[in-house]
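Per-entry structural report
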Amino acid sequence: QIMAEALFMLFFVPALFELGVYVKNGRRRELFLGALFLALSALVRPVAIWFFILIPIVILLAGLNRENLKNFLLAFLIFLGVLSPWLFYNVFILGTWGFYSQSDKALYLYHARLFSEWLGEPEALRLVDYEEALNKNFDMRIIPEMKKAALELITSRPFEYAKFHLLKTHRLFSDSGF
């Protein structure tokens, strides 16, 4: 599994710094940068989305007035603007507005199936009835079979899988990705 702590800290620490500078100086640039870095850190580690509560707290510490409320709304829009591609991706691919990475579901239900179709070998995943799993809204009992079939397909052709992603990922946020 990928260790994302270093990348998360690369965005999270500047977010805290910029929000602290905003409390001290009151310049909106720092608030907006803090919101931007906080959103980027949430893209790396979804748990960071809960730290959005820091922005209203920072607004209260800076002083509750009309200008700061307007800055808060703009910071909120920046935060949502950065997160919106991932949210839309989850809607189009996973069918949910949830802000999380369902890597298992995405791998087993979608990516492996699309990869096998891209290879021209849809029978490669014959061990699993994907349509049944989709219709049952991802029945948890089928996960071990899906995992085994998907991993066998991907690990048996790692270079083709990498090529598949390089060719298809550029459309990831513009449509369903494939």
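Residues numbered from 1 in each chain as written. Predicted model: local features only at pLDDT ≥ 70, side-chain atom pairs only at ≥ 80, totals over all residues. Heavy atoms only, no water.

**Comments concerning the pattern of salt bridges**
Using the criterion set out here, one finds four salt bridges in the structure. Arginine 27 is the salt-bridge partner of glutamate 30, the closest N and O atoms lying 2.7 Å from each other. Taking relative accessible area as the criterion, arginine 27 reaches 47% and is therefore assigned partly exposed. Put simply, glutamate 67 and lysine 70 hold a salt bridge, and the shortest N to O gap is 3.9 Å. Here lysine 70 and glutamate 67 lie together in helix 4 (residues 66-94), a separation of three residues that amounts to about one turn. (Salt bridge = Lys/Arg side-chain N within 4 Å of Asp/Glu carboxyl O. Buried < 20%, exposed > 50% of the residue type's maximum accessible area, 1.4 Å probe, protein only. Helix = DSSP H or I, 4+ residues; strand = E, 2+ residues; numbered from the N terminus.)

**Quick look at the environment of leucine 16**
Inspection of the secondary structure puts leucine 16 in helix 1 (residues 5-25). In this structure, the C-alpha to C-alpha distance between leucine 16 and isoleucine 55, residues 39 residues apart in sequence, is 9.8 Å.

**Comments concerning the confidence of the model for the protein chain**
Summarising the model, the protein chain shows a mean pLDDT of 78, and 70% of its residues fall at 70 or more. Taken together, the stretch residues 172-178 has pLDDT below 50 and engages in 15 contacts with residues farther than four places along the chain or on a different chain. (pLDDT = per-residue confidence, 0-100. Contact = heavy atoms within 4.5 Å.)

**Observations concerning helix 2 (residues 28-44)**
In this model, helix 2 (17 residues) spans 25 Å end to end at C-alpha, consistent with the 24 Å of a helix rising 1.5 Å per residue. Buried residues of helix 2: Glu30, Leu31, Phe32, Gly34, Ala35, Leu38, Ala39, Ser41, Ala42 and Val44, and no others. (Expected span 1.5 Å × (residues − 1).)

**Digging into the packing of aromatic side chains**
Going through the model one piece at a time under the given rule, you end up with eight aromatic pairs. When the ring of tryptophan 118 is compared with that of phenylalanine 164, the centres are 5.4 Å apart and the planes differ by 50°; the resulting orientation is tilted. Linking tryptophan 118 in helix 5 (residues 103-119) with phenylalanine 164 in helix 8 (residues 158-168), this pair joins segments that are 46 residues apart in sequence. Accessibility expressed as a relative area gives 30% for tryptophan 118, which makes it partly exposed. Residue class for phenylalanine 164 comes out buried when judged on its relative accessible area of 1%. (Phe/Tyr/Trp six-rings, centres within 6.5 Å; stacked < 30°, edge-to-face > 60°.)

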